[in-house]
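Descriptive analysis of the structure
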Amino acid sequence: MYKQILVPVDLNDQGFSDKAVEAAVWYAKNSSAQLHLLNVLPGIHMSMVATYFPKDAAVKMKHDVEQQLKKFAIDHIPDNVLYSINVAEGKPSSTILEYADKVGADLIVMPSHKRTKLDKALLGSVANKVVQKSPVNVLVIKPQGS
């Protein structure tokens, strides 16, 4: 069925990505797939943004996020599921799609923030953009009560 499953993980919202990872683990176990956890950092290497941070801030931030993602994986993924930890930098929706292509993902499992209609109209959502542009299946896990 699936062999490579990409799971974008938002570490800023406590409990936000848990349900998506839970679903991805189920698919991985039932199809012997590998999970690829991905956290996307904002583009702090961009020249305008980089001037506001010390030179080693980006490296330190990436290392810190990798450590948080490792802990998240240990807490949420059983030992019998193969997974990788990945931290990328850029615009979330396009970076997710680029990374899906890079790892040969045949499924993307991602959470969706609970948004109002006004939020969607003004801002759009990462999940919505990924669903619209992805060449592979995308399973969007909605927050409870949506």
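Above this text sits the structure in question.
Here is what the cut-offs are and how they apply
Residues numbered from 1 in each chain as written. Predicted model: local features only at pLDDT ≥ 70, side-chain atom pairs only at ≥ 80, totals over all residues. Heavy atoms only, no water. Pairing = 2+ DSSP bridges. Helix = DSSP H or I, 4+ residues; strand = E, 2+ residues; numbered from the N terminus. Axes fitted to C-alpha atoms, helices over the stretch in contact; angles between N-to-C directions. Contact = heavy atoms within 4.5 Å. Salt bridge = Lys/Arg side-chain N within 4 Å of Asp/Glu carboxyl O. Phe/Tyr/Trp six-rings, centres within 6.5 Å; stacked < 30°, edge-to-face > 60°. Buried < 20%, exposed > 50% of the residue type's maximum accessible area, 1.4 Å probe, protein only.

1. Digging into the sheet that holds strand S4 (residues 107-111)
Pairing is parallel across the open sheet formed by five strands, whose spatial order is S3-S2-S1-S4-S5. Single-partner strands in this sheet number two, and they are strand S3 (83-89) and strand S5 (137-141). Strand-to-strand twist across the sheet, computed as the mean angle between neighbouring axes with direction ignored, equals 25°. In the sheet, strand S1 (residues 4-8) pairs with S4 via two bridges, with the strands oriented parallel. Each residue of the ladder has a partner; that of Ile5, found in S4, is Leu107. Lying over the sheet, helix H6 (residues 126-133) contacts S4 and S5, oriented at roughly 160° with respect to S4.

2. A few points about the pattern of salt bridges
For the structure shown, the criterion picks out two salt bridges. Between Lys60 and Asp64 there is a salt bridge; the shortest N-O distance is 3.1 Å. Pair noted here: Lys60 and Asp64 are both in helix H3 (residues 57-76), with a separation of four residues, about one helical turn. Residue Lys71 is joined to Asp75 by a salt bridge in which the shortest nitrogen-to-oxygen separation is 2.7 Å. One end of the pair, Lys71, and the other, Asp75, are both in helix H3, four residues apart, so they sit about a helical turn from each other.

3. Some details on the packing of aromatic side chains
Per the stated rule, a full pass over the model turns up two aromatic pairs. Where Tyr2 meets Tyr27, the ring centres are 5.9 Å apart and the plane angle is 75°; that geometry is what we call edge-to-face. Here Tyr2 is found in the segment before S1, whereas its partner Tyr27 is found in helix H1 (residues 18-31), with 25 residues between them in sequence. By relative accessible area, Tyr27 is classed as partly exposed at 23%. Here Trp26 and Tyr27 contribute two aromatic rings whose centre-to-centre distance is 5.1 Å and whose plane-to-plane angle is 90°, an arrangement assigned as edge-to-face.

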